[in-house]
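A closer look at the structure
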Amino acid sequence: MSGALLALPRVQVRFRPGLTLSIALVAFFVIAAIAPSLLTTQDPLKINLGDALQAPSAAHIFGTDQSGRDLYARVVYGARESLFIGLAATALSMSIAFVLGVSAALGNKLTDGAINRFIELLFAFPVLLLSLLFVTVFGAGLTTLIVAVGVGTAPGYARMIRGQVLAVKGSGYVEAAGALGHSYPKVIRRHILPNAMRPLVVLVTLGVGQSIVWASGLAFLGLGVAPPSPEWGALLDAGRTYITQAWWLEVMPGLAIVSFALALTAIGRYVQQRLEGGLQR
Amino acid sequence: MKTVALKVLGAIAVLWAAATFTFFVQAALPGDRATLILNQDSGQIIKRSDAELAPVNEKFGFDDPIYAQYVNYVAGLAQGDLGTSYRLKAPVTEIIGEQIWPTIFLTIAALIAAWVMALALTLLTAKRGRIPSALGSGYETFTAALPHYWLGVILLVVFAIELQLFPVEGGSSLIGLVLPALTLGIPLAGFLGQVTRDEFEKVLDQPFVTSARARGMGDFGVRWRHALRHAVLPAITLSGWAIGALFSGAVIAEIIFARQGIGNILVTAANMRDIPLVSGIVMLVALIYVVANLLVDLAYRVVDPRIEVSS
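All of these numbers come straight from a predicted model, not from anything done at the bench.

**A look at the overall build of chain B**
A tally of regular secondary structure across chain B gives 13 helices and 0 strands. Tracing chain B from N to C terminus, the helices and strands come up as α-α-α-α-α-α-α-α-α-α-α-α-α. Oriented by its inertia axes, the alpha-carbon framework of chain B measures out at about 85 × 55 × 30 Å. When each of the 311 residues of chain B is scored for burial, the buried share is 39%. Sequence separation of at least 24 residues holds for 71% of the intrachain contacts in chain B that already meet a minimum separation of 6.

**Description of the overall build of chain A**
Along its length, chain A carries 10 helices and 0 strands. Taken from the N to the C terminus, the helices and strands of chain A come in the order α-α-α-α-α-α-α-α-α-α. Taken along the three principal axes of its C-alpha coordinates, chain A extends 75 × 65 × 30 Å. Counting across all 281 residues of chain A, residues that qualify as buried make up 46%. Contacts in chain A between residues at least 24 apart in sequence constitute 66% of all its contacts with a sequence separation of at least 6.

**Digging into the domain arrangement of chain B**
All names here are of chain B. We note that the domain assignment places domain 1 (2-78) and domain 2 (92-303) within chain B. On the domain 2 side, the residues contacting the 13 residues of domain 1 number 12 residues. When residues of the side of domain 1 that touches domain 2 are traced back to their parent elements, those giving at least two are α1 (2-27) and α2 (33-42). In terms of residue class, the side of domain 1 that touches domain 2 is built from 9 nonpolar, 3 polar and 1 charged.

**Regarding helix α7 (residues 148-162) of chain B**
Residue pairs spaced three or four apart in an α-helix point in one direction, given the helix's 3.6 residues per turn. For α7(B), with 15 residues, the first-to-last C-alpha span of 20 Å sits near the 21 Å given by 1.5 Å per residue. Where α7(B) bends most, at B:L156, the angle is about 30 degrees. Of all the positions in α7(B), only B:H148, B:Y149, B:W150, B:L151, B:G152, B:V153, B:L155, B:L156 and B:A160 are classed as buried. The elements touched by buried residues of α7(B) are α8 (200-220), α9 (232-239) and α10 (248-276) of chain A together with α8 (178-203) and α10 (219-256) of chain B. A positive backbone phi angle near 55 degrees is found at B:Q164, which sits one or two residues after α7(B).

**Section: the nonpolar core**
Grouped together as the largest cluster of nonpolar side chains are 164 residues, with contacts concentrated most on B:L266, B:V278 and B:A286. When residues in this core are grouped by element, the largest group, 16 residues, is from helix α2 (residues 71-106) of chain A. Of the domains in this structure, domain 1 (2-78) and domain 2 (92-303) of chain B are the two that each give at least three residues to this core. Dropping the residues within four chain positions of it, B:V278 is found in contact with A:L132, A:L133, A:T136, B:L266, B:A269 and B:A270.

**A closer look at the UniProt feature "transmembrane region" (unreviewed entry) in chain A**
Residues and elements named next belong to chain A. The positions that UniProt labels "transmembrane region" (unreviewed entry) are, in the present scheme, residues 20-39, 83-107, 127-152, 200-226 and 246-271. Each end of residues 127-152 is marked by a C-alpha atom, and these two atoms are 4 Å apart; helix forms 88% of the span and strand 0%. Along residues 246-271, the helical share is 92% and the strand share 0%, with 39 Å between the first and last C-alpha atoms.

**Digging into the interface of chain A and chain B**
At the junction of the two partners, chain A supplies 32 residues and chain B supplies 42 residues. Breaking the side of chain A that touches chain B down by element, the ones donating at least two residues are α3 (109-123), α4 (127-138), α8 and α10 of chain A. In terms of residues, the side of chain A that touches chain B owes the most to one element, α4(A), which gives 9 residues. Considering only residue class, the side of chain A that touches chain B consists of 24 nonpolar, 6 polar and 2 charged.

**Structural notes on the confidence of the model for chain B**
Predicted coordinates in areas of low pLDDT are best not read in detail. With 96% of its residues at a pLDDT of at least 70, chain B reaches an overall mean of 83. For this predicted complex, the interface confidence comes out at an ipTM of 0.83, alongside a pTM of 0.82.

**Topic: the packing of helix α5 (residues 92-125) of chain B against helix α11 (residues 262-271) of chain B**
When two helices pack together, their arrangement is given by the angle between their axes and by how far apart the axes lie. All names here are of chain B. Here α5 crosses α11 at 130 degrees, and the two axes come no closer than 7 Å. Relative to α11, the element α5 lies oblique. Contact residues: α5 offers I95, I96, Q99, I100 and T103, while α11 offers I262, G263 and I265. Here the residues of the contact of α5 with α11 sort into 5 nonpolar, 3 polar and no charged.

**Side note on helix α5 (residues 142-169) of chain A**
The end-to-end C-alpha distance of α5(A), which contains 28 residues, comes to 39 Å, matching closely the 40 Å that a straight helix rising 1.5 Å per residue would cover. Taking the largest bend as the criterion, α5(A) deviates by roughly 40 degrees, centred on A:A154, and proline A:P155 comes between one and four positions later.

**Considering the confidence of the model for chain A**
Across chain A, pLDDT averages 83, with 92% of residues at or above 70. Contacts from residues 1-6 of chain A, a stretch scored under 50 in pLDDT, to residues over four places away or in other chains number 0 contacts.

**Thoughts on the packing of α2(B) against helix α3 (residues 50-60) of chain B**
All names here are of chain B. Packing of α2 against α3 leaves a shortest axis separation of 9 Å and a crossing angle of 105 degrees. Classed by the angle they form, the pair α2 and α3 counts as roughly perpendicular. For the pair α2 and α3, contact is made by A34, T35, I37 and L38 and by E52, L53, V56 and N57, respectively. The residue makeup of the contact of α2 with α3, split by class, is 5 nonpolar, 2 polar and 1 charged.

**A word on the environment of B:R215**
Mapped onto the fold, B:R215 is located in the loop between α9 (207-214) and α10. On the basis of neighbour counts, which here come to 9 C-beta atoms within 10 Å, the residue B:R215 falls in the exposed class.

Rules used in this analysis
Residues numbered from 1 in each chain as written. Chains lettered and ligands numbered in written order. Predicted model: local features only at pLDDT ≥ 70, side-chain atom pairs only at ≥ 80, totals over all residues. Helix = DSSP H or I, 4+ residues; strand = E, 2+ residues; numbered from the N terminus. Buried ≥ 20, exposed ≤ 12 C-beta atoms within 10 Å, placed from the backbone. Contact = placed C-beta atoms within 7 Å. Domains from an automatic or database assignment. Nonpolar A, V, L, I, M, F, W, Y, C, P; charged D, E, K, R; others polar. Expected span 1.5 Å × (residues − 1). Bend = angle between axes of the 7 residues up to and from the residue. Core = buried A, V, L, I, M, F, W, Y, C linked by C-beta atoms within 7 Å. UniProt positions renumbered as here; feature names shortened; annotations may be inferred. pLDDT = per-residue confidence, 0-100. Axes fitted to C-alpha atoms, helices over the stretch in contact; angles between N-to-C directions. Parallel < 35°, antiparallel > 145°, perpendicular 65-115°, else oblique.

Now the structure itself:
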């Protein structure tokens, strides 16, 4: 636009409403997870039968549940457990994906073939069904939920990491490092891994949101964390019984999950574009 | 022909590996299996005597060494025998056979709905100027991220409970199929749309498009006759992959709309820890996934014959 007037490279401070909102939302939920009492004065466990199943109003912005507990307070206090599930499942999923992806990309043809087949095999089990199998065998609970979601989401990330490492491995600077006489392990450590892992920041951001979505889906089916925990999925499960009378019991916790996941996706996409360096043009 | 045979062999290998994986997940069950069955049947958690356990162990072959159980399991699968349900005491194949059709109808309806929505969106908004493009792709990003359980609940609340346009409990009627199919179809449409849009925009810059326009072909003709054919290729591949996602979604949609089907019995079975029934359904979905991807692979060769040469 007015680029010709300014010869110096400008620092871009363009206002991005979507990104700002996303960061604000994520910050809100992080605060909720660390210090929920900052965001609400209500007690998430206080039963008040006189106030049961109240629609959202000024006093209870998300409404109340069948025991008259404030739903907004429950969503805020549930953030800690939900975020923990999301982070733990993503950590597990990324560790599996890292081992598989990196060994496939750096290994010989045979290793690569074998790991690729294994990843394909995991793809044949949709996350939800694999999780249901895990729940059936090991019983419902927090650990099962994390392991199931972690294993279920791993193959997609493994494939991406493999592609990333392969791309870096074939790049000019890696070849140059080899030509300069650096040993292969050193090239891997100093050049390949750091460069291949940079986009992982994006994957982790997207992964946490996705894991929370999956874990709440399982909880929605009644196979998650046991009540009276205000974990978001557990809230969905508890509200299902009252769906014909009290829509907010499903819609509001769902809104928290969806907005959190979408906000993380938006931030992840932005970071991705910045890393690739194509955004400002 | 040779590549086709190789593909089929590869698919069988994946299925065999899937069976092995499923078997070992089952074998990792903490605690004693016969005790689990008896406790689930009676609803109490107590220690069982050997006299109680023996007939159960005998019936399900839990006393056999693990490799014998594995061989039996895989041999059974090869003959289409998925084992016996712990809870219903009936063959898993029979239970699935009774319940599978509503789920298949729902999955197909959702796939068709998703394709119609994705194509309409692409044809109408891709490369139609900044604002329609941005709206279209924004809508796709948003819907692709919607979890089935939330979308389903919102559709149920708005269209069935408040507006009363559709029944709250779907049953098996055709009109009851609409909301569940949309629950599955809308996110998939967003997902497919993102892919077709990308391809579509690339294709519209190709020389053959310019040449078609130069021959005097109208805009709609160019989009429909030339660009679309190229743009749908990646989406076809994704549809094979999407079968798995659709099936997961079907489980949730069946629960929300109280529909009959595999999803409903699957969730009950998981709650009751009916291992053979759950793993039978998981194996069936793996089979459907593998077959769907095989077909997609072959369909791809029909749509784009160049693939045969390059692979």
